[in-house]
Amino acid sequence: MKILVSIKRVIDYNVHIRVKSDGSGVETQNVKMAANPFDAIALEEAVRLKEKKIATEIIAVSIGPQNTQETLRYALALGADRAIHVLTEKNLEPLNIAKILKNIVTTENPDLIILGKQAIDNDCNQTGQMLAGLLNYPQGTFISKLDINNNTATVIREVDGGLETLELQLPAVITTDLRLNEPRYPSLPNIMKAKQKPIEVIECPENLLPHTEIMSTSEPPVRKMGVMVSSPKELIQKLKTEAKVL
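Caption draft 1: Summary view of helix α2 (residues 69-78). Within α2, seven of the 10 residues are buried, which leaves it mostly tucked inside the rest of the structure. Inspection of α2 places Q69, T71, L72, A75, L76, A77 and L78 among the buried residues, and these make up the whole buried set. Residue G79 follows α2 closely and has a positive phi angle near 140 degrees.

Caption draft 2: View of helix α4 (residues 127-135). Among the residues of α4, those classed as buried are T127, G128, L131, A132 and L135. One face of α4 carries all of its buried residues, which in axial projection span an arc of 130 degrees. Summarising the contacts, the buried residues of α4 are in contact with α3 (94-108), β6 (112-116), β7 (139-149) and β10 (172-176). Downstream of α4 by a residue or two, N136 has a phi angle that is positive, lying close to 60 degrees.

Caption draft 3: Main features of the layout of surface pockets. Of the volumes computed, that of the second largest pocket is approximately 620 Å³. Contributing to the lining of the second largest pocket are 26 residues, with A35, A40, Y74, R184 and Y185 lying nearest its centre. Of all the elements in the fold, those that place two or more residues in the lining of the second largest pocket are β2 (9-11), β3 (33-35), α1 (37-51), α2 and α5 (188-194). Examining the composition of the lining of the second largest pocket, we find that four residues originate from one element, α2, more than from any other.

Caption draft 4: View of the pairing of β6. For β6, a buried count of five out of five residues is recorded, marking the element as mostly surrounded by other parts of the structure. Because side chains alternate across β6, one face comprises the buried residues L112, I114 and G116, and the other comprises I113 and L115, equally buried. In this structure, strand β1 (residues 2-6) lies alongside β6, joined through three bridges in parallel fashion. Opposite L4, over in β6, you have I113 as the bridge partner. Note: β6 against β10, five bridges, orientation parallel.

Caption draft 5: Here's a closer look at the packing of α3 against α4. In contact at an axis separation of 8 Å, α3 and α4 are set at 50 degrees when each is read in the N-to-C sense. Considering the angle they form, α3 stands oblique to α4. Note on packing geometry: the crossing formed by α3 with α4 is right-handed. Along its contact with α3, which presents P94, L95, I97, A98, K99, L101, K102 and V105, the element α4 presents T127, M130, L131, L134 and L135. Looking at the contact of α3 with α4 residue by residue, the class counts come to 10 nonpolar, one polar and two charged.

Caption draft 6: Representation of the sheet that holds β7 in the model. Taken together, the nine strands give an open sheet; going across it, the order is β9-β8-β7-β10-β6-β1-β4-β5-β11, and neighbouring strands pair in mixed fashion. Both outer strands of the open sheet, β9 (162-169) and β11 (200-203), are each paired with one neighbouring strand and no more. The mean inter-strand angle of the sheet, taken between neighbouring strand axes irrespective of direction, is 30 degrees. Direction of pairing for strand β8 (residues 152-159) relative to β9: antiparallel, over a ladder of eight bridges. Considered in β9, the bridge of R157 is made with E164.

Caption draft 7: Spatial organisation of the pattern of salt bridges. Under the criterion given, the structure shown has 15 salt bridges. Where R184 meets E44, a salt bridge forms, and the shortest distance between an N and an O atom there is 2.8 Å. Of the two residues, R184 is situated in the loop between β10 and α5 and E44 in helix α1; the sequence distance between them amounts to 140 residues. Note on R184: relative accessible area 29%, which makes it partly exposed. The exposure class assigned to E44 is buried, which follows from its relative accessible area of 4%. Of the charged contacts in the structure, one is a salt bridge between K50 and D81, with a shortest N-O distance of 2.4 Å. On the criterion of sequence distance, the pair formed by K50 in helix α1 and D81 in the loop between α2 and β5 (82-87) is long-range, its members being 31 residues apart. Judged by its relative accessible area of 26%, K50 falls in the partly exposed class. Since its relative accessible area comes to 31%, D81 is described here as partly exposed. What you see here is one network of salt bridges that share partners, running through K2, E57, R82 and E108.

Definitions and limits used
- Residues numbered from 1 in each chain as written.
- Predicted model: local features only at pLDDT ≥ 70, side-chain atom pairs only at ≥ 80, totals over all residues.
- Heavy atoms only, no water.
- Buried < 20%, exposed > 50% of the residue type's maximum accessible area, 1.4 Å probe, protein only.
- Helix = DSSP H or I, 4+ residues; strand = E, 2+ residues; numbered from the N terminus.
- Arc of directions from axis to C-beta.
- Contact = heavy atoms within 4.5 Å.
- 1 Å grid on protein atoms, 1.4 Å probe; cavity = no way out; pocket = protein on both sides within 12 Å on 5 of 7 lines; lining within 4 Å.
- Points joined across faces, edges and corners; volume = space filled by probe spheres on them.
- Pairing = 2+ DSSP bridges.
- Axes fitted to C-alpha atoms, helices over the stretch in contact; angles between N-to-C directions.
- Parallel < 35°, antiparallel > 145°, perpendicular 65-115°, else oblique.
- Left-handed = near helix turned anticlockwise from the far one by under 90°.
- Nonpolar A, V, L, I, M, F, W, Y, C, P; charged D, E, K, R; others polar.
- Salt bridge = Lys/Arg side-chain N within 4 Å of Asp/Glu carboxyl O.

Here you go:
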């Protein structure tokens, strides 16, 4: 069984985000970067399947500039067998990313494609669904549990009304939620071994045209300080006269 895992390089979740002075986007120069946390969960699940002798090969894929290879080295250190880097300086949107992944899936023919449910930089939550649509594969999104039995994947997904159980015929696309697992830390020996593993580099297709344009980026307004009231009567009065919600 072959598993393909998509990993995105994003600003580390511990970093305070700063908007560029011209409002054209978020500042990424000299900022600590890391693998998208949801994608790290996807990789961890693939590694666990390999440890259970269910999977035989894990392929990590990432799309981005040259320094994206640092994220792929992290994936190799955690247990990925091979890595593919789609080299591009463009800031691609989910549909174009899904098209790139579709081409790789067509070449590699994996039995299971695992992605994080969303990236923490844009929170689009679209790539997995679009990839499944382009491939005409069954999909399970926001999964918190995964079981593989022969050619069937049984997933439990978190929905607004509770939990939903689905059976998917492989090949399939799934996206991971936070409660699926807790990613491990790579060991020092594996980090050193990952530095010696080759990364296949392919060029990004030139015919991927953008469908959206970011007009401006701004920080959210500063939250105003709350007001202390001395009694319920005063609270009701302020809700009527100042907030005007009553």
